[in-house]
Amino acid sequence: MSAGLPAALQSLRDAMADAPLALDLPSAADARRTRDRIVQQVDDYLLPRLARIDAPLLAVVGGSTGSGKSTIVNSLVGRTVTEPGVLRPTTRDPVLVCHPDDEPVFDGSGPTPVLPDLPRVRGEGEAGGLRLVVDPGVPAGIALLDSPDIDSVELAHHDLAAKLLGAADLGLFVTTAARYADAVPWDHLADARERSVALAIVVNRVPPDAGDAVTAHLQQMLAERGLQGTPVFAVDEEPLRDGRIGEAGRNLLEAWLTGLSADAAARHEVVRQSLDGALDSLVPRVDRVADAVDDQVRAVDHLRREADRRFDDAVERAEEALGSGTLLRDQVLERFREHVGTADWMDRLQRTVGRARDRLRAAVRGEKPVEEEARGAIEQHLVDLLRHTADEACLQVVEAWRAMAGGSDVLAGAANGLERSSPGMPAAAERHVEAWQATVLQLVRDRAGGRMALARGLSLGVNSVGVALMVVVFAQTGGLTGGEAVVAGGTAAVSQALLSAVFGEQAVRDLARDARRDLVDRVELLFAAERARFTGLLDDHATAADAAALREAVADVRQGRR
Amino acid sequence: MTVVGPETLTRRVDALASAVELLRPHLPADELAPADAVVHRARGRMRHGSRYTVVALAGQTGSGKSSLVNALAGREVAAVGVTRPTTSRARAVVFGDGHDAGPLLDWLGVPERDLVPTDDALDGLVLLDLPDVDSVATDHHLEAHRLIDRVDRLVFVTDPQKYADEALHVGELQRLAGHEEVLEVVLSQVDRLTDEQQAACLKDLRRRLSDDGLAGTRPHAVSSKTGEGLPEMRDRLAEVIRGRHAMLDRVEADVTAAAGALDPGGRPASSRLSHRTPGGRPSTAWPTPSVWTGSWRSWSPSTAATPGWRPAGRHCGG
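Quick notes on the rules
Residues numbered from 1 in each chain as written. Chains lettered and ligands numbered in written order. Predicted model: local features only at pLDDT ≥ 70, side-chain atom pairs only at ≥ 80, totals over all residues. Heavy atoms only, no water. Helix = DSSP H or I, 4+ residues; strand = E, 2+ residues; numbered from the N terminus. Buried < 20%, exposed > 50% of the residue type's maximum accessible area, 1.4 Å probe, protein only. Areas by Shrake-Rupley, 256 points an atom, 1.4 Å probe, with all protein chains shown as cover. Contact = heavy atoms within 4.5 Å. Buried area = accessible area lost by both parts, 1.4 Å probe. Salt bridge = Lys/Arg side-chain N within 4 Å of Asp/Glu carboxyl O. Polar contact = N/O pair within 3.5 Å; in protein donor to acceptor, adjacent residues only side chain to side chain. pLDDT = per-residue confidence, 0-100. Phe/Tyr/Trp six-rings, centres within 6.5 Å; stacked < 30°, edge-to-face > 60°. Lys NZ or Arg CZ within 6 Å of the ring centre and 35° of its normal.

A. The overall build of chain A, seen in detail. The secondary structure content of chain A amounts to 20 helices and eight strands. Classification of the 562 residues of chain A by burial places 52% in the buried group. Here chain A displays about 23,900 Å² of accessible surface, and carbon together with sulfur accounts for 50% of that area.

B. Structural context of the environment of phenylalanine 311 of chain A. All names here are of chain A. Among the secondary structure elements, phenylalanine 311 is positioned in helix H9 (residues 264-323). For the pair formed by phenylalanine 311 and valine 471, sequence separation is 160 residues and the distance between their alpha carbons is 26 Å. When sequence neighbours within four positions are dropped, the list of residues in contact with phenylalanine 311 reads Ala393, Cys394, Val397, Phe527, Glu530, Arg531 and Phe534.

C. Region of interest: the interface of chain B and chain A. Between chain B and chain A, the contact holds 27 residues from the first and 31 residues from the second. A buried area of about 2,400 Å², summed over both sides, lies between chain B and chain A, and 55% of it is on carbon and sulfur atoms. Contact with chain A buries area across many residues of chain B, yet Arg84, Val136 and Gln161 of chain B alone supply 27% of it, more than any other trio. In this structure, lysine 162 of chain B and aspartate 182 of chain A form a salt bridge, with 2.6 Å as the shortest nitrogen-oxygen distance. Where chain B packs against chain A, one counts eleven residue pairs in polar contact (both at pLDDT 80 or more).

D. Here's a closer look at the confidence of the model for chain A. All names here are of chain A. Summing up the model confidence of chain A, the mean pLDDT is 82 and the portion of residues at 70 or higher is 81%. Least confident of the elements in chain A is helix H11 (residues 345-350), whose mean pLDDT is 39; most confident is helix H1 (residues 5-17), at 95. Note that pLDDT drops below 50 for residues 359-367; the model gives that stretch three contacts with residues more than four away or on any other chain. Contacts for the low-pLDDT stretch residues 477-487, under 50 throughout, to residues beyond four places or in other chains number 19 contacts.

E. Inspection of the packing of aromatic side chains at higher detail. The tally for this structure, following the rule as stated, stands at three aromatic pairs over all chains. Seen in terms of ring centroids, phenylalanine 311 of chain A and phenylalanine 534 of chain A are 6.0 Å apart; in terms of plane orientation they differ by 45°. Their pairing is tilted. Of this pair, phenylalanine 311 of chain A sits in helix H9 while phenylalanine 534 of chain A sits in helix H19 (residues 505-535); the two residues are 223 residues apart in sequence, bridging distant segments of the chain. Here the aromatic rings of tryptophan 401 of chain A and phenylalanine 534 of chain A are separated by 5.6 Å at their centres, their planes lie at 90°, and the arrangement is edge-to-face. Highlighted residues: tryptophan 401 of chain A in helix H13 (residues 370-403) and phenylalanine 534 of chain A in helix H19, separated in sequence by 133 residues. Connected via pairs of aromatic rings, a cluster forms that spans Phe311, Trp401 and Phe534 of chain A. Stacked on the ring of tryptophan 107 of chain B, the Lys or Arg arginine 150 of chain B has its end atom at 4.5 Å from the ring centre.

F. Structural context of the side chain of aspartate 204 of chain B. Note on placement: aspartate 204 of chain B falls in helix H7 (residues 195-211). Its relative accessible area of 8% is what places aspartate 204 of chain B among the buried residues. Among the polar contacts made by the side chain of aspartate 204 of chain B, one reaches the side chain of arginine 207 of chain B at a distance of 2.9 Å. Apart from residues no more than four positions distant in its own chain, aspartate 204 of chain B is found in contact with Leu87 and Arg88 of chain A together with Tyr163 of chain B.

Structure, rendered in structure tokens:
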């Protein structure tokens, strides 16, 4: 094992702690648990154990509620160090018992202590940590940790028990003759098997004469689950004396434990087995988490593509609506007709003088010039159209996401009001439309050059020419229906004729194309901001780099072991 | 409790069936399945009448269900083993002459049967020894749950080692909230405890039952070894049999629970509602409230005024 292993483990741990699994996909729950366990295991066990490979062995006594874990620990120590009782579950705070010589290793004072985040407490009254009991009754070289149960309704016990078992050099699993076939403990044994921790099993409370049958059946169950060779100790049911198990059972366990204590080589072998097992198990476990991160990446990708698709469609729909003449209704046409008229515009040409007078009067009365009103109507219609289309897209994305894997989780973390366009959207749309109209007028000025003189001759200002151009843009692709279409089409034809007369046909086509392109660009810009409200929600979620970082980190660990 | 007659109950089962049909276009099949099953079971069970009262002993492996069955039967009918889990198939013990219990047992799907001739107060009792609900043998759980759904009355057996297991409370008892009237919980193997320990244990168990939503259920101590609590248990069983309405009680509890689960304004936020309407907006999948109340009233006009008709979750006493 190279000196680089601890550093590689630390990197793996950090990558693991950051592994993004926020979406509730089918693989997420298991992966989150595995992620948290690996982080814990590196902190609690692997780094401390690698820092001191010769440290005393930590035997974690775990198992079901009511199986007599505390009684077993007390019997081994030879005095009551942890309180058994009839009320389930009993052991609340875990208790670590060690020999005085081993105290500095377990009291949490060293540089890389085992279970570093559990504060050590010593007094009876103190709670909320790992209670440390120093007692010469425990053989040197082995510490016993009385863990909370794995199966009571106190769910907090289960997590702590799993954490403690993750830090074990040796798992001493206590069950009873009534319990050994319970489903829950076997799930924990499967975990223990995955990381190959050295195991021993105590079957407590065995009825008279049932020891052989129970032991044989338990060994068979162990073998069926790949745990053959696990030592099984049957402890007969007999009235407890001073809260200790009977002498026969105690002798058996004590002999085994002191044997380990006296035999440094055997102890080292146990430590080695569990350490190698834990390191070996990292690869498949990290892979599982990385696969789950991949699932997250895929889900995020699907969500992002769905949002993109809906807003691309929205831009397309808006474009279609712009060209279909739907904007050329009501006031726009009214005002426009009033100005240039669907009647013979040449008439107007002949009444130039009268027209100029009319306008002067309008100015004196404070009336808005008609082209201003036409522009206002166009602006209102455009803003309405854009807001409506954006609302539609937002609702579509929300509904699609709700039905997609992980979509509800993303939406749950978002502010309200995603079902419609943002509150600032109409104002932004107005700004864009106004800017577009200004651009159209600018285009007219730039392109017109000397021809504006002719236009002026027609009593048409830049504004009027601009409105005419806007009408052409909206009528460009046709697709009009009904009576409105006739009016709009007629109006557009008038506009087209008017503009062609002033600029020439090719120039009008160019102008309309440029004006249209500018408008579409603005719509895209506007909708991109709305789309970002959705895609922005995905930015904190998993990326392919996260999964790659995990796989790289575990490869480094494998490298570090060589 | 108030005795509900079979006619009233039949009408309520029919009403539930029509509610299910009314809701079918609006709800996914899996959300209607529980109510469908209740209708099916209720009709099946009621066909067999109340000549027999079916009581199941359910519980964890090693809690001593089989020993209790033997103690109640007065002889060895169920195998009691030292290796776990023991009982893999349900076993029926029929108290009385039992010549006409066959069709009911066929409906229950319990082929293993024993007859215990008796002319005492337990005559008419069909006692089922169920497989465990918590061992590694998951097929046991399935068989146990199948029968837990069908029997008239349930006796949940736990013991001093296992009474606080998550598998018992979360896995089993919490699902039975609202069924206090058809449920009894016994703490077996109390011979392992001193009197003070027993009292403390029962108190702790009662507190946990209350946490499970079974505040009305008071656990009873029993030991098949010393016989402690057995006469009382026999008395309680005899009482149930004498009333001859355990079957109706069970059907009523099921119908009430199923109706409550379907009523969007009834039980507190069932998960399907919050699932279907994220963000709390009313889901379009539901019928509008006026349609709903209309159909609700239309199918239960006669039962609305019946004393036995109570919304789920308000039962008390046992």
